[in-house]
Amino acid sequence: AHVPRPIRIHARARYAAGTLIVPRLSMAIGSSRLDVSGRLQRRVLRAALAVRLAPAEARWFALRTKAPIAARLTLDGPLAALGVTARARLGAARLTLRGRADLRARRGRVAAVVDQLRPAELFAGAPAMIVSTSLALDGRWVAHALVGDARIARGRLTVGGRTFDRLDAGGRAPLARAGEA
């Protein structure tokens, strides 16, 4: 695959008295950019990540976008109860996520709100539809697979010119196996 030039990386980090501090880590490739900062001290992490993924670089992840993806992620708390907050947007689509993870136990719980997501704007061959819903996931990493319970509430699906409102569902399923996303 073609890698655009230049690739620019700037990083600053220091470790002292049991504390890892990354005041700045920035990477730019083509029109895409990643900025990270954080601090890990006594098993407590405080970190922020901002990414802008341009369509050309999104293709490396098998995404077929025409607009850039912008996302922000915040991690805050002890590694056994790490708070996770994220916001992302692609065109009119918005994603908001809040959750908690126990990294050592490899489990977590998240609540997300998806608004105006058009899968065909992300993935080649995806159906033309618009999805808006609240989603709750409670999962764990077991035997190289993400397994968990998923609940959809107040869903709205528009497909083929028809809109279906108040969709609710729930179940337990392997969400991804090794090599899948």
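Preceding this section is the structure that the text describes.
Residues numbered from 1 in each chain as written. Predicted model: local features only at pLDDT ≥ 70, side-chain atom pairs only at ≥ 80, totals over all residues. Heavy atoms only, no water.

*Asks:* Explain a nonpolar patch on the surface to me, using residue names and the numbers behind them.
*Replies:* Taken together, the side chains of Tyr 15, Leu 20 and Leu 40 make up a nonpolar region of the molecular surface, amounting to roughly 290 Å² of accessible area. Along the chain, Tyr 15 turns up in strand β1 (residues 7-16). (Patch = residues over 30% accessible without salt bridge, like charges linked within 9 Å, V, L, I, M, F, W, Y side chains within 5 Å. Areas by Shrake-Rupley, 256 points an atom, 1.4 Å probe, with all protein chains shown as cover. Salt bridge = Lys/Arg side-chain N within 4 Å of Asp/Glu carboxyl O. Helix = DSSP H or I, 4+ residues; strand = E, 2+ residues; numbered from the N terminus.)

*Asks:* A description of the pairing of strand β8 (residues 107-117) should follow, citing residues and the corresponding values.
*Replies:* Note: strand β7 (residues 93-102) against β8, nine bridges, orientation antiparallel. Among the inter-strand pairings, Gly 99 is bridged to a residue of β8, identified as Val 110. Count of turn residues in the β7/β8 antiparallel hairpin: four residues, of which Arg 106 carries a positive phi of about 60 degrees. Of the pairings in the sheet, the one linking β8 to strand β9 (residues 129-142) comprises nine bridges and is antiparallel in character. (Pairing = 2+ DSSP bridges.)

*Asks:* Describe a positive patch on the surface, naming the residues involved and giving the relevant values.
*Replies:* Side chains of Arg 12, Arg 14, Arg 24 and Arg 39 sit close together on the surface and give a patch of like positive charge. In this structure, Arg 24 sits in strand β2 (residues 19-29). Judged by relative accessible area, Arg 24 falls into the partly exposed class, the value being 38%. (Lys, Arg positive; Asp, Glu negative; His and termini not counted. Charge placed at Lys NZ, Arg CZ, Asp CG, Glu CD. Buried < 20%, exposed > 50% of the residue type's maximum accessible area, 1.4 Å probe, protein only.)

*Asks:* Break down the environment of Pro 55 for me, with residues and values.
*Replies:* Residue placement: Pro 55 occurs in helix α1 (residues 55-58). For Pro 55 and Ala 67, which are 12 residues apart along the polypeptide, the C-alpha to C-alpha distance reads 6.1 Å. Ignoring any residue separated from it by four or fewer positions in sequence, one finds Pro 55 in contact with Thr 65, Lys 66, Ala 67 and Pro 68. (Contact = heavy atoms within 4.5 Å.)

*Asks:* Quick one: what's the story with unusual backbone geometry, residue by residue and with numbers?
*Replies:* One non-glycine residue, Ala 62, lies in the positive phi region at around 65 degrees. Here Ala 62 is to be found in the loop between α1 and β5 (69-78). The phi angle at Arg 106 is positive, at roughly 60 degrees, despite the residue not being glycine. Following the sequence through the fold, Arg 106 ends up in the loop between β7 and β8.

*Asks:* If you had to explain the side chain of Thr 133 to someone new, which residues and values would you point to?
*Replies:* Relative to the assigned elements, Thr 133 resides in strand β9. Judged by its relative accessible area of 12%, Thr 133 is buried. Within the local environment of Thr 133, its side chain forms a polar contact with the backbone oxygen of Ala 153, the two atoms lying 3.2 Å apart. Other than its neighbours up to four places away in sequence, Thr 133 contacts Ala 112, Val 113, Val 114, Ile 152, Ala 153, Arg 154 and Gly 155. (Polar contact = N/O pair within 3.5 Å; in protein donor to acceptor, adjacent residues only side chain to side chain.)

*Asks:* An account of the environment of Arg 8 is needed here, citing residue identities and associated values.
*Replies:* Mapped onto the fold, Arg 8 is located in strand β1. You can call Arg 8 partly exposed: its relative accessible area is 44%. Linking Arg 8 and Leu 137, residues 129 residues apart in sequence, is a C-alpha distance of 36 Å. When residues no more than four places from it in sequence are discounted, the contact partners of Arg 8 are Ser 26, Met 27, Ala 28 and Gly 30.

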